[in-house]
Amino acid sequence: MDNPLLQRDFPIPFDRIRADHVRPAVDALLAESRAAVDAIGAASGPRTFDDTLGALERATERLEHAMRVIGHLEQVATTPELREAYNEAQPRVSELMAGIPLDEPLWRAIERYAGSDEARALTGPKARLLRKTVAEFKRRGADLPPAEKKRLAAIDVELATLTLKFAQNTLDSTNAWELVIDDEPRLRGLPDSARAAARESAAKKGKAGWRFTLQAPSWAPVLTHLDDAAIREQVYRAQVSRATAAPWDNRPIVARVLALRAEKARLVGYRDFADLVLEERMARTAARARAFVDDLFARTEAFFARETAELQAFRRELEGPGAPPLAPWDVAYYAEKLRQARYRFDEEQLRPYFAFERVLAGAFEIARRIYGVRFEPWPEAPVWHESVRAFKVVDEREGAWIAGIYVDPYPREEKHGGAWMDGILARGQGEADRRHAGVLAANVTPPVGGKDAALAHADVETVFHELGHLMHHCLSRAALRSQAGTRVAWDFVELPSQILENWCWERESLDLFARHEDGGEAIPEAMLDALRRSRTFRAASAQMRQLGFALADLSLHTEYDPARDGDPVAFARRAMERTSPAPLPPEHAMIASFDHLFADPVGYAAGYYSYKWAEVLDADTFTRFRREGLLSPAVGMAFRREVLERGDEDDPAELFRRFMGRDPELGPLLERLGLSG
Ligand SMILES: [Zn+2]
């Protein structure tokens, strides 16, 4: 059978791939990968880079490529058959991948090579790959005696099972809750769109009235706008106590997962789980991540106290001196009232300036100016749906066609929600001429009556964000596949994406594309000014909230001791309490539904700080553009050369230093948020 999944072709033949290709392709590629891994361990004689690490890179290349293509199609063009085939293939592939660091002959071959003169003389990316591979194998238990290896494997299996159960409990308990209001006057304050959605939600369930759920699009407008405090309280309490009662009680799972993670870390020689996870991140150690969070906390605290006092005062202004202190279900509500009073600015007014096609063209144009790449329509590329458009990415410096990208902007039933970038094809070893392929997916409203969807400013940022990831992927010049593009440390990967968002806030760059859909005029000064000021509104409170999650996460994965600290849910609540504008109720059990930390064996565990870390990096990096020219090709090309093209060929801290000439500083982020001085 001519199976398109067996080739790493460019362009990818998306139009020819069917669900019944999956099983035979995965069978064949699993066998091929297995044999290739075995061959590395079986060879005798002196070992070289190419027949150990090089061979290991190649061993799973075709298998991983096929899985990425299948996974992509499952996200954008799923069918029951494709989903079934993918779900069947995935555990088999994971099993092979997870077994690689525990393959004894392979580990002996790598160790033998690592001790050779050739290995000791390595420099640059190859030396880095060797060091990281040896460390990774050790973290996975390659060096342990058989009994401990067995224990480690058992821990991994239990973690995988428990974290999956955690995610299902969160989902099920979220879906199990509803609040139906049949008394319309009680909906006062709620915007029409939220009212209509609640009406529809009730109708779908065959109920009269308005139905609210614990999905964010339903509960968020209630807490932000609804006048009736009793309803807000009810929704808030349900929201923060999800997954804390049978049959979906996640609290015992949290305790068990923490214990297993701690045991795992100690088995492979680390003080705690955070040190284990962070070793290859930019932060390197739990202590440095913690110091970062504490520092940001200390610099935000006074602004946070001021914002909280101001909100309380605003409530007294509205309701008189006897107004009660703010409860947690009051904060978003009064904050929204204060925002309206202070800015009288409705972000909806900006939408006509952000027609989707203009935004996309604007993002391409800015990438052209700073990174020197041109996007040319590529109509002959095979795609998975007629609304998908393909573009060639051409390097203007050399005139070379370096990548093919696919823009898939509109929702479809068979497509996941949200926006994302998927780097489907990256150049491998010895493939200097190969092109990268990547996808920019979004879910914007399709044109109605010939009129293009008008985006909210936040969606404009999302388009720029995902194009930033795509540039990281497409501009990679790394010779080794495992160091290409976005395969960098977790706390570094958002720098190339977040940096591009900055061009959505500057007059000079906005004027290139943000034009009114009717008259074509640029955004009026007063409107842009209001948008900029709204960025700093209650910024300390937003930052404290993130820091609270980061503090709880790091504390749970470093200092938490069940014998001394008792219930981990209460322990985490105490950590978050320091960053909440109102005292948290005793049933607050946010971590019982905190999927970031517990829905995956690793996920964001010990890594929640990365959100703020990446913001610090992008705000700091942007200062060089601001200083030397927002659209300066010289600065853009320097960023491209020192960061985007390098992928993981060097330590991210070193890449950063080469572009900025120094280590990252917190100042620019604090300034951007109005939290300095
Ligand atoms: Zn991102």
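For the structure, check the block above.
Just so it is clear, the model here is predicted, and its values are computed rather than measured. (Residues numbered from 1 in each chain as written. Predicted model: local features only at pLDDT ≥ 70, side-chain atom pairs only at ≥ 80, totals over all residues. Heavy atoms only, no water.)

Chemist: What is the right way to read the nonpolar core from this model?
Modeler: Generally speaking, a soluble globular protein has its nonpolar side chains buried in company with each other. F354, Y371, F375, F464, L467 and W503 are the most contacted members of the largest nonpolar core, which has 151 residues in total. With near-sequence residues (within four places) excluded, Y371 lies in contact with I366, M471, L475, I499, L500, G636, M637, F639, R640 and L644. Within the second largest apolar cluster, 34 residues are counted, among which are L5, A89, W378 and A437. (Core = buried A, V, L, I, M, F, W, Y, C linked by side-chain atoms within 4.5 Å. Buried < 20%, exposed > 50% of the residue type's maximum accessible area, 1.4 Å probe, protein only. Contact = heavy atoms within 4.5 Å.)

Chemist: How should I be thinking about the environment of E654 in this particular structure?
Modeler: If you trace the backbone, E654 turns up in helix α27 (residues 652-660). You can call E654 partly exposed: its relative accessible area is 26%. Taking C-alpha positions, E654 is 41 Å from A332, a pair spaced 322 residues apart along the chain. (Helix = DSSP H or I, 4+ residues; strand = E, 2+ residues; numbered from the N terminus.)

Chemist: I'm lost on the state of the cysteines in this one. Help?
Modeler: Simply put, the disulfide is a covalent bond whose two ends are the sulfur atoms of two cysteines. Applying the stated rule across the entire model yields zero disulfides. Lacking any disulfide linkage, C474 is separated from the closest cysteine sulfur, that of C504, by 19 Å. Since its relative accessible area comes to 1%, C474 is described here as buried. Judged by relative accessible area, C504 falls into the buried class, the value being 0%. (Disulfide = S-S within 2.5 Å.)

Chemist: Would you take a moment to explain the environment of L512 for this structure?
Modeler: Summarising the element assignment, L512 is placed in the loop between α19 (507-510) and α20 (525-534). The exposure class assigned to L512 is partly exposed, which follows from its relative accessible area of 32%. Separated by 149 residues in the primary sequence, L512 and A363 place their C-alpha atoms 9.3 Å from one another. With near-sequence residues (within four places) excluded, L512 lies in contact with I366, R369 and L631.

Chemist: Please explain the sheet that holds strand β7 (residues 436-441) as it appears in this structure.
Modeler: Backbone hydrogen bonds hold the strands of a sheet together, and the pairing may be parallel or antiparallel. Strand order across the open sheet formed by five strands is β3-β4-β5-β7-β6, with mixed pairing between neighbours. Lying at the two open borders of the sheet, with one neighbouring strand each, are β3 (373-377) and β6 (420-425). Each strand axis lies, on average, 25° off the axis of its neighbour in the sheet, ignoring direction. Two strands pair when backbone bridges link them, and strand β5 (residues 400-408) and β7 are joined in this way by six bridges, in the parallel orientation. Across the sheet, V407 pairs through a bridge with L440, a residue of β7. Here helix α17 (residues 457-474) sits on the sheet in contact with β3, β5, β6 and β7, set at roughly 170° to β7. (Pairing = 2+ DSSP bridges. Axes fitted to C-alpha atoms, helices over the stretch in contact; angles between N-to-C directions.)

Chemist: It is not clear to me how the side chain of R47 should be interpreted in this structure. Could you clarify?
Modeler: With respect to the helices, strands and loops of the structure, R47 is situated in the loop between α1 (22-42) and α2 (50-59). Of note is the side chain of R47, whose polar atom sits 2.9 Å from the backbone oxygen of I40. For R47, the side chain forms a polar contact with the main-chain oxygen of D51, separated by 3.4 Å. Excluding residues that lie within four positions of it along the chain, R47 makes contacts with I40, T52, A109, R112, Y113, S116 and E118. (Polar contact = N/O pair within 3.5 Å; in protein donor to acceptor, adjacent residues only side chain to side chain.)

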